[in-house]
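The primary structure of each chain is shown beneath.
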Amino acid sequence: MSTLAIVISLAGLMFLAYRGISVLLLAPLMAAVAVLLSGDLGHMLPLYTSTFMGALGNYMLQFFPVFLLGALFGQLMADSGAATAISHWIMRVLGEKHAILTVVLACAVLTYGGVSLFVVAFAIYPIAKSLFRAAHVPKRLIPPTIALGSFTFTMTALPGTPSIQNAIPIPYYGTNVFAAPGLGIIGGMTMLALGLWWLQSRAAKARVAGEGYGDHDDAVEQGLHEESDPALHSRRDLPLLLALLPLVLVIAVNALLTYGVFPQMDFGFLKDRFPAVNPAKQTGLWALILSLAVACAALVLLGLGRWRNLKESVNKGVLGSMLPIFNTASEVGYGAVIASLAGFAIIREAVLNVAPHNPLISEAVAMNVLAGITGSSSGGLSIALSTLGKDYLAMAAQLGISPELLHRVAVMAAGCFDTLPHSGAIITLLSICGLTHRQSYGNIAIMTIGAPLLSLVLVITLGTMFGSF
């Protein structure tokens, strides 16, 4: 009965999340449903105050600085005009003849540099709209094009990406954001190539059929975006090199600390005052935190005197980190409660036995299932690693599989089924573009599920044959 209770709880979480109910309420509520149906009513309150809130608090302790600085950096990039300057430069270089490639690359440069995918979607959409109209490419292809550049290879595959998804495995596996760089590049380029091929083929088919941009009320829509998009209110005269510098700093400072500074340091002085801290599992996060802080400081200094309202930008960026971190932490708390129930042992064994001689496959299945249920790559990844991370690490150690390969497979797998129709990111993207699931979701699914799955299979195959590289 306990296993059935977990399944009912997960189904309720997925259905109600699709209906738009906040995870902040859903996570503890659906955890309570699982406990109630399991017949464990007597432990309801301790499970909430200790298990749920304990897991939530621990997650906040580990990842709050990354969420905070990431959101702040994205807001500063938008309000300084840096994001707009980069997008316009790519547009000028490639032009309307390469509308799809232009939008994908603009999104990719910004998200790989650490700008939030939601900020990117708001900043790039007006540019994409004008390019697609001029090139007579159907508007329905704008959401999948933005999704390819923002939700796929730069979020999960490319080494060094400062996305929260790429940071989550660090304390579990003792890795860093550059884990398995060769495989990450191969997987990322595969996603990009497959995605571009599909989008270009759809555009060509539409052209043959005589389908143009379409009849859309862009005048009303433009007014809405001018009110909501901070990048449209910012100054656009920031020189390209200055606009690119913060993005370069995120990657460069991170790499310098990860491979140059921290490996040379003796952290023995931490043992007396912080005996519970394991530097081997923390330096990856420390490098990411410092690189984002340096990039934020650089943005403030580079934009000195250019800001419409620096205080407002900072406050908006900081406040913008609150909902994502609490949503994800609540899902982790939910996972901790589920993992404490007797029925979870059956589910755990089933998942671990999917491929007992290859934990990479088992891990990929677990990440995909949980990311699909929660509609969140970071939420699914966090739940899976908090409940099964130690098991996968132990299995990998026995089979000689490196933690770096586990890291890359976990992150890439979490970026597949996280974009099912109930995903908040998909709903937001379609809302920004003024389109419906019926108009665009099929092509979005090819970009964010189909291409990433094929890339994941390739990376697992290469990793199994040749190990991490």
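The rules behind these values
Residues numbered from 1 in each chain as written. Predicted model: local features only at pLDDT ≥ 70, side-chain atom pairs only at ≥ 80, totals over all residues. Heavy atoms only, no water. pLDDT = per-residue confidence, 0-100. Contact = heavy atoms within 4.5 Å. Core = buried A, V, L, I, M, F, W, Y, C linked by side-chain atoms within 4.5 Å. Buried < 20%, exposed > 50% of the residue type's maximum accessible area, 1.4 Å probe, protein only. Helix = DSSP H or I, 4+ residues; strand = E, 2+ residues; numbered from the N terminus. Patch = residues over 30% accessible without salt bridge, like charges linked within 9 Å, V, L, I, M, F, W, Y side chains within 5 Å. Areas by Shrake-Rupley, 256 points an atom, 1.4 Å probe, with all protein chains shown as cover. Salt bridge = Lys/Arg side-chain N within 4 Å of Asp/Glu carboxyl O. Axes fitted to C-alpha atoms, helices over the stretch in contact; angles between N-to-C directions. Parallel < 35°, antiparallel > 145°, perpendicular 65-115°, else oblique. Left-handed = near helix turned anticlockwise from the far one by under 90°. Nonpolar A, V, L, I, M, F, W, Y, C, P; charged D, E, K, R; others polar. Polar contact = N/O pair within 3.5 Å; in protein donor to acceptor, adjacent residues only side chain to side chain. Phe/Tyr/Trp six-rings, centres within 6.5 Å; stacked < 30°, edge-to-face > 60°. Lys NZ or Arg CZ within 6 Å of the ring centre and 35° of its normal. Disulfide = S-S within 2.5 Å.

Averaged over every residue, the pLDDT of the protein chain is 88; residues scoring 70 or more account for 95%. The low-confidence segment residues 219-235, where pLDDT is below 50, has 36 contacts with residues more than four positions distant or belonging to other chains.

All right, on to the nonpolar core then. In terms of nonpolar packing, the biggest core is built from 142 residues, with Phe73, Met77, Leu110, Phe132, Ile146 and Tyr334 touching the most fellow members. With 16 residues, the top contributor of residues to this core is helix 3 (residues 44-80). In this structure, Met77 is in contact with Ala82, Ala83, Ile86, Leu110, Val115, Ala243, Pro246, Leu247 and Leu299, ignoring residues within four places of it in sequence. The next biggest cluster of nonpolar side chains, apart from the first, holds 6 residues, and it includes Val253, Leu257, Phe267 and Ala287.

Together, Met1, Leu4, Val7, Ile8 and Leu37 give the surface a local cluster of nonpolar side chains, amounting to about 450 Å² of exposed area. Top element by residues in the nonpolar patch is helix 1 (residues 2-18). It accounts for 3 residues. In this structure, Met1 sits in the segment before helix 1. Using a relative accessible area of 61% as the deciding quantity, one classes Met1 as exposed.

A few words on the packing of helix 18 (residues 359-374) against helix 22 (residues 437-466). Look at helix 18 against helix 22: their axes get within 10 Å of each other, and the N-to-C directions meet at 155°. With respect to each other, helix 18 and helix 22 are oriented roughly antiparallel. For the pair helix 18 and helix 22, the crossing hand works out as right-handed. Side by side, helix 18 and helix 22 meet where Leu360, Ile361, Ala364 and Asn368 of the first sit next to Leu453, Leu456, Ile460 and Thr464 of the second. Classifying every residue of the contact of helix 18 with helix 22 by side-chain character gives 6 nonpolar, 2 polar and no charged.

Geometry of a packed helix pair, given as the angle between the helix axes and the separation of the axes. Viewed as axis vectors pointing N to C, helix 19 (residues 377-399) and helix 20 (residues 403-414) meet at an angle of 150°, and their least axial separation amounts to 11 Å. With respect to their mutual orientation, helix 19 and helix 20 come out roughly antiparallel. Along this stretch, helix 19 crosses helix 20, giving a crossing that reads as right-handed. Contacts from Ser377, Leu381, Tyr392, Leu393 and Ala396 of helix 19 reach helix 20 at Pro403, Leu406, Ala410, Val411 and Ala414. Across the contact of helix 19 with helix 20, the residue classes tally to 9 nonpolar, 1 polar and no charged.

What follows deals with the side chain of Ser378. With respect to the helices and strands, Ser378 occurs in helix 19. Here Ser378 falls in the buried class, since its relative accessible area comes to 8%. Polar side-chain contacts of Ser378 include one of 3.2 Å to the side chain of Ser376. Dropping the residues within four chain positions of it, Ser378 is found in contact with Ile164, Gln165, Ile168 and Thr328.

Moving on, we get to the pattern of salt bridges. Across all of its chains, the model carries 3 salt bridges by this definition. As a salt-bridge pair, Arg140 and Glu211 come within 2.9 Å of each other at their nearest N and O atoms. Here Glu211 lies in the loop between helix 11 (181-208) and helix 12 (218-228) and Arg140 lies in the loop between helix 6 (117-135) and helix 7 (142-151), a separation of 71 residues in the sequence. With relative accessibility at 25%, the residue Arg140 sits in the partly exposed group. When the shortest N-O distance is used, the salt bridge between Glu349 and Arg348 registers 2.6 Å. Here the salt bridges share partners, and the residues they tie into one network are Arg348, Glu349 and Asp391.

For Leu117, the location among the structural elements is in helix 6. Residue Leu117 is classed as buried on the basis of its relative accessible area of 18%. Along the chain, Leu117 and Gly74 lie 43 residues apart, while their C-alpha atoms are 8.7 Å from each other. In this structure, Leu117 is in contact with Thr111, Ser150, Phe151 and Met155, ignoring residues within four places of it in sequence.

Tallying each qualifying case throughout the model produces 9 aromatic pairs. Their ring planes at 55° and their centres at 5.8 Å tell us that Phe267 and Trp286 sit as a pair that is tilted. Of this pair, Phe267 sits in the loop between helix 13 (240-261) and helix 14 (283-302) while Trp286 sits in helix 14, placing them 19 residues apart in sequence. For Phe267, a relative accessible area of 14% puts it in the buried group. Here the aromatic residues Phe262, Phe267, Phe269 and Trp286 are joined through ring pairs into a cluster of three or more. It is Arg133 that lies over the ring of Tyr213; its NZ or CZ is 5.0 Å from the centre. Geometry around Trp198 places Arg202 over its ring, the cationic atom sitting 4.3 Å from the centre.

Okay, the environment of Val93 next. Along the chain, Val93 falls in helix 4 (residues 82-94). Residue class for Val93 comes out exposed when judged on its relative accessible area of 52%. Remark: the alpha-carbon pair of Val93 and Leu352, spanning 259 residues in sequence, is separated by 49 Å.

Considering all chains together, one arrives at 0 disulfides under this definition. Left without a disulfide partner, Cys416 is nearest to the cysteine sulfur of Cys107, which lies 19 Å away.

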